[in-house]
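Here's the letter readout for the chains.
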Amino acid sequence: MARFNLLLAILGFLPLVLAQRPALPLSASSRWILDANGNRIKFRCVNWPAHMEPNVPEGLHRQSMDYLVSWIKRNNFNCVRLTYSIDHALNPSITVRDSFNKAATDANVPLSAMQTMYREITQLNPWITNSTTTGDVFAALVDKLWEQEIPTILDNHVSRAQWCCNINDGNGWWDKAFGYNTWNSRFFNTANWLAGLQAMAAWSQSRKGVVAMSLRNELRAFLLQDLNGRQDWYHYIKTAGDLVHDTHPDVLILVGGSQSSTDLTHLRNRMLDNASWKHKTVWEMHAYSFTVTFPDAFKSCDVVKAQYGLWSGFVLEQNRAYTGPMILSEFGVGMQGGGLENGLSEKDDRYLRCLVDYMKGNDADWAVWALAGSYYVREGVVDYEETWGLLGRDWKDWRNEGFKDMLGDMWRVTQGPGRKRGVAEWVRRKVWGGA
């Protein structure tokens with residue numbers, strides 16, 4: 001009976017612990033993200049796209065923002081990776097209505113279709129009026145997430161607002177870097193990128209929920225680019241990191257490698273000069289079943305896991321110059337119609353099982369792609385259905401009800417700096433992280 005009463009007491013205390021936010025600011029220590037009290041924080045995030053032509057977080061034409069935030073909370077995600085474009089960063093004062101009108105031209109779709117989409121948004125989110133700006137919507141989302149104890153990672157996904165990524169979308173590599181070509185860099189204005197990062201860092205100072213900023217999504221060189229020993233990567237990442245840190249010293253700074261955030265191998269021989277923000281540096285890695293850096297030619301999980309470690313995961317090794325936390329900030333699968341009983345294709349099923357096993361072994365942070373059940377517009381198609389989205393096309397609930405369980409031990413916290421703590425800390429660790 002005494003044990004039963006103790007269990008009831010712990011369960012009764014749980015909601016109070018769940019309501020606690022991580023103590024800010026966050027920092028990086030060895031391979032861990034820590035809160036202001038030195039406790040480990042393990043990010044288990046979902047990506048919420050907002051970098052497409054309308055420059056508004058997706059899905060508000062299907063559900064209210066409050067509903068979607070509560071869904072994220074209910075399903076135990078403890079952060080959101082919120083994507084944005086430099087177009088948005090440099091023009092957050094455009095009204096949502098005007099942004100949707102402009103998106104019709106930018107995406108080459110009928111104006112009437114985007115105006116209908118805008119009306120649907122205002123019906124479900126009546127606080128969005130004709131004077132509401134895209135910046136207001138971003139602020140509302142960050143604040144609503146933080147009210148639910150969910151921090152935000154701001155991710156600069158693209159420069160020109162559009163779908164990402166390929167080697168001819170013009171968003172892949174700095175235009176001032178060696179080997180410029182129009183296919184990969186025509187929209188990646190380096191000066192605007194830096195100005196946009198600084199603008200978002202300054203904006204975030206008044207948004208407590210923003211705890212981290214990613215400098216750029218999926219840097220990818222093409223043709224002659226990046227044939228100068230990664231000199232451009234070292235130069236521009238340092239410049240951007242210094243700028244963000246000087247503007248907003250509290251945020252973590254997420255850094256991805258080359259080859260679409262899969263290749264950090266150059267750090268083995270030369271560490272990034274991040275002296276002033278080393279305690280804020282978090283490395284990024286992306287991995288999908290189609291990622292060319294991690295081929296599964298032999299259908300061997302051991303081989304694939306070795307590739308994960310060789311190209312990116314080695315940054316988790318202790319006591320190295322490059323040692324730091326790593327977040328798997330994009331991964332995912334096609335959720336339906338794959339042929340297997342769980343809805344996945346054989347290729348995606350094999351990939352996901354292997355990735356989960358790899359992540360179980362290192363207990364790293366992660367962000368799944370993506371919340372989106374659809375996009376306002378994608379590649380010229382209005383209300384484009386996202387079959388890789390966690391949510392169905394109506395943005396109401398899981399597209400694949402079994403997917404959450406497929407992540408298995410990725411939800412758990414099994415490693416980290418350890419010391420004895422009381423019951424409250426034990427429960428807190430189960431929510432936020434720690435050992």
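The structure contained in this document is the topic of the report that follows. (Residues numbered from 1 in each chain as written. Predicted model: local features only at pLDDT ≥ 70, side-chain atom pairs only at ≥ 80, totals over all residues. Heavy atoms only, no water.)

### Let's talk about helix α2 (residues 65-74)
A turn of α-helix holds 3.6 residues, and therefore any two residues three or four places apart point the same way. So the rule is basically this: Each residue gets one of three labels from its accessible area relative to the maximum for its type: buried under 20%, exposed over 50%, partly exposed in between, using a 1.4 Å probe on protein chains only. Numbering of helices and strands runs from the N terminus, with a helix taken as a DSSP run of H or I at least four residues long and a strand as a DSSP run of E at least two residues long. Relevant arc is that of directions from the helix axis to the C-beta atoms, nothing else. Contacts were defined at the residue level, with two residues in contact if any of their heavy atoms lie within 4.5 Å.
Regarding α2, the residues found buried are Met65, Leu68, Val69, Trp71 and Ile72. Projected down its long axis, α2 shows its buried positions confined to an angular sector of 155°, all on one face. Close packing links the buried residues of α2 with β3 (44-48), β4 (79-85) and α6 (134-147). Positive phi shows up at Asn76, right after α2, with a value of about 70°.

### Brief notes about the sheet that holds strand β10 (residues 365-368)
What counts, and what does not: Following DSSP output, two strands are said to pair if at least two bridges run between them. Axis definition: a line fitted to C-alpha atoms, over the contacting stretch in the case of helices. Angles run 0 to 180 degrees between N-to-C directions.
The sheet built from eight strands closes into a barrel, its strands ordered β3-β4-β5-β6-β7-β8-β9-β10 with parallel pairing. Neighbour-to-neighbour, the strand axes of this sheet turn through a mean angle of 30°, independent of strand direction. In the packing of α6 onto the sheet, contacts are made with β3, β4, β5 (152-158) and β6 (210-214), and the angle to β4 comes to roughly 170°. Together, β6, β7 (252-256) and β8 (281-286) form the strand contacts of helix α9 (residues 231-247), whose direction differs from that of β7 by roughly 165°.

### Quick word on the packing of α2 against α6
Counted only if it meets this: Crossings are assigned a handedness: left-handed for a near helix turned anticlockwise from the far helix by less than a right angle, right-handed for a clockwise turn. Note on residue categories: nonpolar means Ala, Val, Leu, Ile, Met, Phe, Trp, Tyr, Cys or Pro, charged means Asp, Glu, Lys or Arg, and polar means any other residue, Gly included.
Orientation of α2 relative to α6, taken along the N-to-C sense of each, is 40°, at an axis distance of 10 Å. The two elements α2 and α6 meet at a crossing, and its hand is right-handed. Across from Met65, Asp66, Val69 and Ile72 in α2, the residues of α6 making contact are Val137, Ala140, Leu141, Lys144 and Leu145. The residue inventory of the contact of α2 with α6, partitioned by class, reads seven nonpolar, no polar and two charged.

### Focus: the pattern of salt bridges
Basically, it comes down to this: By convention in these notes, a salt bridge is any Lys or Arg side-chain nitrogen within 4 Å of a carboxyl oxygen on Asp or Glu.
Tallying each qualifying case throughout the model produces 28 salt bridges. Between Glu149 and Lys73 there is a salt bridge whose closest N-O contact spans 2.9 Å. Note that Glu149 is positioned in the loop between α6 and β5 and Lys73 in helix α2, a separation of 76 residues in sequence. Residue Glu149 is classed as buried on the basis of its relative accessible area of 11%.

The values reported here are purely geometric and, on their own, carry no functional implication.
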